[in-house]
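Reading the structure
Each chain is listed here by its residues.
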Amino acid sequence: MLLKQLLPKKIKTSLILLKRRWKDGGIQFALTKSNLTSNFIISTTQEIKQGLYFENKVQNITLASQKINNLCIKPNETFSFWKIVGPTTPKRGFKEGRNIVNGIVSKEFGGGICQLSSIIYHTALKADLEIIERFNHSVDIYKEDERFTPLGADATVVYGYKDLRIKNNSSFPIRFDFQITNNIITCSIFSETAIIEKEVVFERDYATDKKVIVSTIINDLPKYKSEYKLP
């Protein structure tokens, strides 16, 4: 355990990635780009909130979304955020942005792209796609007017450690599409066949004054739970 703590972050991340590759042997990942066009669309629109590192956040989100645009996800294939976006290093064009770990605000290259993974997750819920892997933030640090997504609709991502993985459980290909204009981002799912958009509701239960549990309810059926500490 002590040896793990002493290892440099880069080496620890490499070991985690090797472990993931070994476990991922039987998964069909979506890796092919396609100009799939369709009149069948499910969309989510969010505001990119003004704040510290705003311009950097917009650039990071734009750069990451461009890597995902036109990715064709065939039936039974799995979308992996990190397999497509890759490491958010300055050499790859990513800038420093706000990052939140255990409720503590810091800065990190690629900071802010959790809004991109979150809007993908929220849109996937509307399409009732199969969520293979998703992590919510551990602490709810936002006031209501500061949120970019409803509590319970967030999906934090940490390269090598926390991924967002979504399986296409339909019988036809789909793809994600992003439009970013000024401080507005829209995530859309295009499909060859119509997907009936589901009603998604996030119900909060303040279990104690230090914890809130959010139930994600899709078409009146409870599907997922997210637990947050309160500051």
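For the structure given in this document, a descriptive report is provided here. Along each chain, numbering runs from 1 in the same order as the chain's sequence is written. This being a predicted model, a pLDDT of at least 70 is required before a residue's local features are given, and a value of 80 or more before pairs of side-chain atoms are given or counted; all residues contribute to the totals for chains, interfaces and linings. Hydrogens and waters are ignored; side-chain quantities use all the structure's heavy atoms.

**Topic: the packing of helix 3 (residues 54-68) against helix 5 (residues 114-126)**
Note on definitions: angles span 0 to 180 degrees between N-to-C directions of axes, and those axes are lines fitted to C-alpha atoms, for helices only across the stretch in contact. Helix numbers and strand numbers start at the N terminus; a helix is a DSSP run of H or I with at least 4 residues, a strand a run of E with at least 2. Where helix 3 contacts helix 5, the axes come no closer than 8 Å and their chain directions differ by 50 degrees. Our classification of the angle between helix 3 and helix 5 gives oblique. Judged by residue contacts, Lys-57, Ile-61, Ala-64, Ser-65 and Ile-68 of helix 3 engage Gln-115, Leu-116 and Ile-120 from helix 5. Within the contact of helix 3 with helix 5, the residues separate by chemical class into five nonpolar, two polar and one charged. Angle categories are assigned with fixed cut-offs, so that under 35 degrees is roughly parallel, over 145 is roughly antiparallel, 65 to 115 is roughly perpendicular, and the rest are oblique. Contact criterion: two residues are considered in contact whenever any of their non-hydrogen atoms come within 4.5 Å of each other. Note on residue classes: Ala, Val, Leu, Ile, Met, Phe, Trp, Tyr, Cys and Pro are nonpolar, Asp, Glu, Lys and Arg are charged, and everything else, Gly too, is polar.

**Regarding a nonpolar patch on the surface**
On the surface, Ile-11, Leu-15 and Leu-18 cluster together into a nonpolar patch covering about 280 Å² of accessible area. You can see Leu-18 is positioned in helix 2 (residues 9-23). Patches in this entry comprise residues that are over 30% relatively accessible and not in a salt bridge; like charges within 9 Å are linked, as are nonpolar side chains (Val, Leu, Ile, Met, Phe, Trp, Tyr) within 5 Å. Method for areas: the Shrake-Rupley scheme with a 1.4 Å probe, in which residue coverage is limited to the protein chains shown. Any carboxyl oxygen of Asp or Glu within 4 Å of a side-chain nitrogen of Lys or Arg constitutes a salt bridge here.

**Observations concerning the sheet that holds strand 12 (residues 211-218)**
The strands making up a sheet associate through backbone hydrogen bonding, with each pair oriented either parallel or antiparallel. With antiparallel pairing, three strands are arranged side by side in an open sheet as 11-12-13. The strands lining the two open edges of the sheet, one partner per strand, are strand 11 (200-208) and strand 13 (221-229). Across this sheet, the average inter-strand angle for adjacent strands is 20 degrees, counted without regard to direction. Bridge analysis of strand 12 against strand 13 gives eight bridges, and the strand direction is antiparallel. For Ile-218, the partnering residue across the bridge sits in strand 13 and is Leu-221. Only strands that DSSP links by at least two bridges are regarded as paired with each other.

**Section: the sheet that holds strand 4 (residues 78-80)**
The three strands are arranged 4-8-7 in an open sheet whose pairing can be described as antiparallel. The sheet is open, and its two borders are formed by strand 4 and strand 7 (130-133), each paired with just one other strand. Averaged over all pairs of adjacent strands, the angle between their axes in this sheet comes to 25 degrees, without regard to strand direction. In terms of strand pairing, strand 4 meets strand 8 (residues 165-167) through three bridges, oriented antiparallel. Residue Thr-78 lies in a different strand from strand 8, and its bridge partner there is Lys-167. Its contacts with the sheet put helix 5 on strand 4, strand 7 and strand 8, and the angle it makes with strand 7 is roughly 145 degrees.

**Description of the environment of Ser-14**
Checked against the element boundaries, Ser-14 lands in helix 2. Whether a residue is buried, partly exposed or exposed follows from its accessible area with a 1.4 Å probe, protein chains only, as a fraction of its type maximum: under 20%, in between, or over 50%, in that order. Owing to a relative accessible area of 38%, Ser-14 belongs among the partly exposed residues under this scheme. With 146 residues separating them in the primary sequence, Ser-14 and Gly-160 have C-alpha atoms 7.7 Å apart.

**A few points about the pairing of strand 11**
As paired strands, strand 11 and strand 12 are joined by seven bridges and run antiparallel to one another. When the sheet's bridge partners are listed, Val-201 is paired in strand 12 with Ile-217. Between the antiparallel neighbours strand 11 and strand 12 lie two residues.

**A look at the environment of Ser-215**
Within the secondary structure layout, Ser-215 lies in strand 12. Once the C-alpha coordinates of Ser-215 and Lys-225 are considered, the two residues, 10 residues apart in sequence, prove to be 4.6 Å apart. In this view, Ser-215 contacts Val-201, Phe-202, Glu-203, Tyr-224 and Lys-225; residues no more than four positions away in its chain are not counted. Side-chain atoms alone can form a polar contact between residues adjacent in sequence; in general such a contact is a pair of N or O atoms within 3.5 Å, and within protein one must be able to donate a hydrogen while the other accepts it. Among the polar contacts listed, one links the side chain of Ser-215 to the side chain of Lys-225, at a separation of 2.9 Å.

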